[in-house]
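Read off the chains here:
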Amino acid sequence: MTQHYFFGLSGTGKTTLSADEGRLLIGDDEHGWTDNEVFNFEGGCYAKAIGLTQQHEPQIFNAIRFGSLLENVNFKSGTREADYEDSSITENMRASYPIEFLENVNPRGFGASPNHIFFLSADAFGVLPPISKLTAEQAMYYFINGYTAKVAGTEMGVKTPTATFSACFGAAFMPLHPMHYAEMLKKKLQENPNIQVWLVNTGWVAGPYGVGRRIQLKYTRQLIRSAMEGHIGEAGYEKHPIFDLQMPRECPEIPANLLNPKRVWDNPEAYEELAEKLKGMFDENYAQFIPKEEVVEKVLS
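It should be emphasised that the depicted structure is a prediction, and the values quoted were computed from it without experimental measurement. (Residues numbered from 1 in each chain as written. Predicted model: local features only at pLDDT ≥ 70, side-chain atom pairs only at ≥ 80, totals over all residues. Heavy atoms only, no water.)

Student: What should I look at first to understand the packing of aromatic side chains in this one?
Tutor: Note on aromatic pairs: each is described by the distance of the centres and the angle between the planes. Taken as a whole, this structure holds 21 aromatic pairs when the rule is applied. Here the aromatic rings of Phe-7 and Phe-169 are separated by 6.3 Å at their centres, their planes lie at 35°, and the arrangement is tilted. Of this pair, Phe-7 sits in strand β1 (residues 4-8) while Phe-169 sits in the loop between β13 (162-165) and α4 (178-191); the two residues are 162 residues apart in sequence, bridging distant segments of the chain. In this pair, the class of Phe-7 matches that of Phe-169, namely buried. Ring centres 5.8 Å apart and planes at 85° place the aromatic pair Phe-243 and Phe-282 in the edge-to-face group. (Phe/Tyr/Trp six-rings, centres within 6.5 Å; stacked < 30°, edge-to-face > 60°. Helix = DSSP H or I, 4+ residues; strand = E, 2+ residues; numbered from the N terminus. Buried < 20%, exposed > 50% of the residue type's maximum accessible area, 1.4 Å probe, protein only.)

Student: Any chance you could explain helix α3 (residues 136-145) here in plain terms?
Tutor: Given 3.6 residues per helical turn, the α-helix brings residues three or four places apart onto the same face. Counted residue by residue, α3 has 8 buried out of 10 residues, so it is predominantly covered. All of the buried residues along α3 are Gln-138, Ala-139, Met-140, Tyr-141, Tyr-142, Phe-143, Ile-144 and Asn-145. Count one or two residues on from α3 and you reach Gly-146, which has phi positive near 50°.

Student: How should the sheet that holds strand β9 (residues 110-112) be read in this particular structure?
Tutor: The pairing of strands in a sheet comes from backbone hydrogen bonds and takes either a parallel or an antiparallel form. With antiparallel pairing, 3 strands are arranged side by side in an open sheet as β2-β3-β9. Where the open sheet ends on each side, the last strands, each with one partner, are β2 (31-33) and β9. On average, each strand axis in the sheet is inclined to that of its neighbour by 20°, with strand direction left out of account. Across 3 bridges, the pairing between strand β3 (residues 37-40) and β9 is antiparallel. Bridged to Val-38 within β9 is Gly-111. (Pairing = 2+ DSSP bridges. Axes fitted to C-alpha atoms, helices over the stretch in contact; angles between N-to-C directions.)

Student: Where do I start with the nonpolar core in this structure?
Tutor: It is characteristic of soluble globular proteins that their nonpolar side chains tend to be buried jointly. Counting residues in each nonpolar core, the largest one holds 44 residues, and the members touching the most others are Ile-117, Phe-119, Val-127, Tyr-142, Phe-143 and Phe-243. Mapped by element, the contributors of at least two residues to this core are β1, β10 (116-121), α3, β12 (147-150), α4, β14 (196-201) and α6 (268-287). Setting aside residues up to four positions removed in sequence, Tyr-142 forms contacts with Phe-119, Leu-134, Phe-169, Leu-199, Phe-243, Leu-245 and Phe-282. (Core = buried A, V, L, I, M, F, W, Y, C linked by side-chain atoms within 4.5 Å. Contact = heavy atoms within 4.5 Å.)

Student: Explain the sheet that holds strand β8 (residues 94-98) here, please?
Tutor: Taken together, the 3 strands give an open sheet; going across it, the order is β4-β8-β5, and neighbouring strands pair in antiparallel fashion. The open sheet has two edge strands, β4 (44-48) and β5 (69-71), and neither has a second partner. Taking each pair of neighbouring strands and ignoring which way they run, the sheet shows an average axis angle of 15°. Bridge count for β5 against β8 is 3 bridges, and the pairing is antiparallel.

Student: Looking at this model, I keep getting lost on the pairing of β14. Mind explaining?
Tutor: It is a general feature of regular strands that their side chains alternate between the two faces of the sheet. Of all 6 residues in β14, 6 are buried; the element is thus mostly enclosed. Burial along β14 is two-sided: the residues Gln-196, Trp-198 and Val-200 and Val-197, Leu-199 and Asn-201 are all buried. Across 6 bridges, β10 lies against β14 in parallel orientation. Residue pairing for β14: Phe-119 is matched across the bridge by Leu-199. Summarising the sheet, strand β11 (residues 131-134) and β14 pair through 4 bridges and their orientation is antiparallel. Residue pairing for β14: Ile-131 is matched across the bridge by Val-200.

Student: Just to check I follow, could you spell out the packing of α3 against α4 for this structure?
Tutor: Contact geometry for α3 and α4: axes closest at 9 Å, N-to-C directions at 150°. In terms of their interaxial angle, α3 and α4 are classed as roughly antiparallel. Both α3 and α4 take part in a crossing whose hand is right-handed. Where α3 abuts α4, its residues Ala-136, Ala-139, Met-140, Phe-143 and Ile-144 lie against Pro-178, Met-179, Tyr-181, Ala-182, Glu-183, Leu-185, Lys-186 and Leu-189. A per-class count over the contact of α3 with α4 returns 11 nonpolar, no polar and 2 charged. (Parallel < 35°, antiparallel > 145°, perpendicular 65-115°, else oblique. Left-handed = near helix turned anticlockwise from the far one by under 90°. Nonpolar A, V, L, I, M, F, W, Y, C, P; charged D, E, K, R; others polar.)

Student: Help me understand α6 in this model?
Tutor: Helix length check: α6 (20 residues) gives 28 Å between terminal C-alpha atoms against 28 Å at 1.5 Å per residue, within 8%. Within α6, the full set of buried residues consists of Tyr-271, Leu-274, Ala-275, Leu-278, Lys-279, Phe-282, Asp-283, Asn-285 and Tyr-286. With a side-chain oxygen lying 3.1 Å from the backbone nitrogen of Glu-269, the N-terminal cap of α6 falls on Asn-267. (Expected span 1.5 Å × (residues − 1). Polar contact = N/O pair within 3.5 Å; in protein donor to acceptor, adjacent residues only side chain to side chain.)

Student: Is there a simple way to think about the side chain of Gln-59 in this case?
Tutor: Assignment of secondary structure puts Gln-59 in helix α2 (residues 58-63). Here Gln-59 falls in the buried class, since its relative accessible area comes to 10%. A distance of 3.4 Å separates the side chain of Gln-59 from the backbone nitrogen of Glu-103, its partner in a polar contact. Sequence-distant contacts of Gln-59, that is, excluding residues within four places in its chain, are made with Ala-19, Asp-20, Glu-21, Leu-102, Glu-103 and Asn-104.

Below, the structure written as structure tokens:
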């Protein structure tokens, strides 16, 4: 059975994407990775609830029942029915529930080492590809950066898209220097050459937040499914000229233009300008973690 990991900061889709009817869930959030196995620490899930419907996310919707906890969620007037469309408190509405409230769960709580690792970034600038294939060196670079973007409503004071970097997708929880963990990841990839790392944009396409749109969940699910089944890249890859990422030319059930973000922007020049700006942020953030004599381009070569 194909195993996979999701890495990502808050709001990037880890819990939502892991609740897939076609796969067994080991756990949400904190995990350990030994030489041969992956195991979960917590036994529960913490899902975003804004816009939640039974039609689009039945696993999570049905898991929210007596015994669950709701956070920042209002109720429909005069009822005990949660109103997932009412974001008057904040868009960051959450639901917590025991993992056994889901149907497709691995009852052992552990499984084999992963075949695929997905770095999830909700790119509010709309410039990262929906999915791209990473080399081991690039995996270290994007792991160290731990990128996503905050948008209006996720935190107090956030009015425009803001790039957020959290080393190893969890800087606050890392007692050692981030490069130590990046080297650990690199060692894992060297010891397990069958592991493929992917960068997935669960954020915006066709423009930044406020102009473009958030990529449809069904597309992201299909991209991840196709990657795990080996159906991505059958028609080859093209290199992103700014981020040096390998973008698949085709993917089953995905519009071809969507795979190259520049093609769905109305203004290609504006796309390139914003992409260059974000790439500069990546490099500037990464530079603080490496010796000054090293050059970022060396990592991406």
